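Observations on the three-dimensional arrangement
The lines below spell out each chain.
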Amino acid sequence: MKNFQSNQLSPKEIYKILSATVIPRPIAWITTKSREGNVNVAPFSFFNIVSSEPAIISIAFQDMKDTALNILETGEAVVHLVNLENVEEMNRTAAKLSKNVSEALEFEIELEKSQMIDTPSIKNSKIRFETKLYKHHEVGEKSHLFLLEIVNFCLEDDLIDEESFHIAVDKMGAVARLEGNHYAKLGETFEIERPE
Ligand SMILES: Cc1cc2nc3c(=O)[nH]c(=O)nc-3n(C[C@H](O)[C@H](O)[C@H](O)COP(=O)(O)O)c2cc1C
């Protein structure tokens, strides 16, 4: 094994190891609104589930991005899961634009009203979580961890069976982020019986 003590690595080297080894990562495609009403759209893959009681997800920002600023301003965000149909559109919204320029307008991303919060949702998405800010922690000097509470789950009709809550994973077209510009779709899956 090759060993690298983190206190002897640069932040860039640490990022390179982490982002290429903790894979595949889901992508949160997030809409937020600024105080002035501009709708921001951007993707984030430092994203995961934290708790189901209450329903909490985490997003980590490598520095104070416009999305993070907007969440602090309004206390809201809509997190959309990225799929094969919107992955190209998602990628365009990673462009660096100034805070007062809306990616939704710039890249003609069609929005629609959300159910429980004021921030609009992206129409071209199958799974959306309408969220409110639960907690924000600064991590080190630059990074920010946001815990978001899901107040409404919005899933495309044919993705969920309302009786069993079974999700049709094969219909999701799930896309994951690998390192850099590389992405993955679901390949062959398999099942393993869990011990008692
Ligand atoms: C697939 C993908 C995943 C990304 N994940 C993150 C992330 O987890 N954290 C982060 O700070 N930036 C991430 N970025 C970069 C942001 O999307 C980018 O900085 C964007 O311009 C931020 O937009 P905003 O300033 O409007 O919020 C990612 C970019 C892409 C394409």
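Residues numbered from 1 in each chain as written. Predicted model: local features only at pLDDT ≥ 70, side-chain atom pairs only at ≥ 80, totals over all residues.

**Remarks on the UniProt feature "domain: Flavin reductase like" (unreviewed entry) in the chain**
According to UniProt, the positions carrying the feature "domain: Flavin reductase like" (unreviewed entry) are residues 20-167. Along residues 20-167 one finds 14% helix and 43% strand; the C-alpha atoms at either end are 29 Å apart. (UniProt positions renumbered as here; feature names shortened; annotations may be inferred. Helix = DSSP H or I, 4+ residues; strand = E, 2+ residues; numbered from the N terminus.)

**What about the site of the ligand?**
The ligand sits among 17 residues. The nearest are Ala42, Phe46, Lys65, Asp66 and Thr67. Where the shell around the ligand is concerned, the elements lending two or more residues are strand S3 (39-44), strand S5 (55-61) and helix H2 (66-74). Ranked by residues supplied to the shell around the ligand, first place goes to S3 with four residues. Counted by class, the shell around the ligand contains eight nonpolar, five polar and four charged residues. (Near = placed C-beta within 6 Å. Nonpolar A, V, L, I, M, F, W, Y, C, P; charged D, E, K, R; others polar.)

**Some words on H2**
Restricting attention to buried positions, one finds in H2 the residues Asp66, Thr67, Ala68, Asn70 and Ile71. Turning to H2, the residues buried within the fold contact strand S2 (28-33), S3, S5, strand S6 (76-81), strand S9 (127-139) and strand S10 (143-155). Just downstream of H2, Gly75 is the residue with a positive phi angle, here 75°. (Buried ≥ 20, exposed ≤ 12 C-beta atoms within 10 Å, placed from the backbone. Contact = placed C-beta atoms within 7 Å.)

**Quick look at the nonpolar core**
Ranked by size, the top nonpolar core spans 26 residues in total, and within it Ile27, Ala28, Trp29, Ile30, Ile57, Ile59 and Val79 carry the most contacts. At the level of secondary structure, the elements contributing two or more residues to this core comprise S2, S3, S5, H2, S6 and S10. Among residues more than four places away in sequence, those in contact with Ile30 are Ala42, Phe44, Thr67, Ala77, Val78 and Val79. (Core = buried A, V, L, I, M, F, W, Y, C linked by C-beta atoms within 7 Å.)

**So, the pairing of S10**
Pairing of S5 with S10, which is carried by six bridges, proceeds in the antiparallel orientation. Note on S10: the bridge partner recorded for Ile59 is Phe146. The hairpin formed by S9 and S10 contains three residues between the paired strands, and Gly140 there has a positive phi angle of roughly 65°. (Pairing = 2+ DSSP bridges.)

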